[in-house]
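Breakdown of the fold
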Amino acid sequence: MFRRLPEALSGGRAVRLLVAGEPVEAREGDRVAAALLASGRGAGHPLRVGGAPRAPHCMMGVCFECLVSVDGMGSRQACLVEVREGMRVETQRGAREFGR
């Protein structure tokens, strides 16, 4: 299970984002993938064949396993997007979107 390091619990101001319509608390400076994992949720899109859920793998933007939709914009890598107050995050369904 993913959890925050004890020394990181006190850092950063608390911010709230909506994930699939539900509020999730994160810390200022967190990336979306880390916030989702810390809240006990996975992050990313399901496999195209079979629909098994995917989760972040590299946490540095190389693997594309953590694609989500942020504020209506698809194909965002959750490990690279910094959380901000009130952002809306949805699990991406289907293939990557281009041109949005």
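Preceding this paragraph is the structure being described.
1. Section: the sheet that holds strand β3 (residues 67-70)
Pairing in this open sheet of five strands is mixed, and the strands run β2-β1-β5-β3-β4 from one edge to the other. Lying at the two open borders of the sheet, with one neighbouring strand each, are β2 (22-27) and β4 (73-77). Adjacent strand axes in the sheet meet at a mean angle of 40° when their direction is disregarded.

2. Some remarks on unusual backbone geometry
Note: most peptide bonds trans; most residues except glycine with negative phi. With a phi angle near 60°, M59 is a residue other than glycine that sits in the positive phi range. With respect to the helices, strands and loops of the structure, M59 is situated in the loop between α1 (32-38) and β3. Take M59: its relative accessible area is 34%, and that puts it in the partly exposed class. A positive phi angle, near 50°, is found at D71, a position not held by glycine. With relative accessibility at 27%, the residue D71 sits in the partly exposed group.

3. With respect to the pairing of β3
Side chains L67 and S69 project from β3 onto one buried face, and the interleaved V68 and V70 project onto a second face that is buried too. Judged from the three bridges that link them, β3 and β4 form a sheet pairing that is antiparallel. Looking at β4, one finds that L67 is bridged to Q77. Two successive antiparallel strands, β3 and β4, enclose a turn made up of two residues, where D71 displays a positive phi of approximately 50°.

Procedures and definitions
Residues numbered from 1 in each chain as written. Predicted model: local features only at pLDDT ≥ 70, side-chain atom pairs only at ≥ 80, totals over all residues. Heavy atoms only, no water. Pairing = 2+ DSSP bridges. Helix = DSSP H or I, 4+ residues; strand = E, 2+ residues; numbered from the N terminus. Axes fitted to C-alpha atoms, helices over the stretch in contact; angles between N-to-C directions. Buried < 20%, exposed > 50% of the residue type's maximum accessible area, 1.4 Å probe, protein only.

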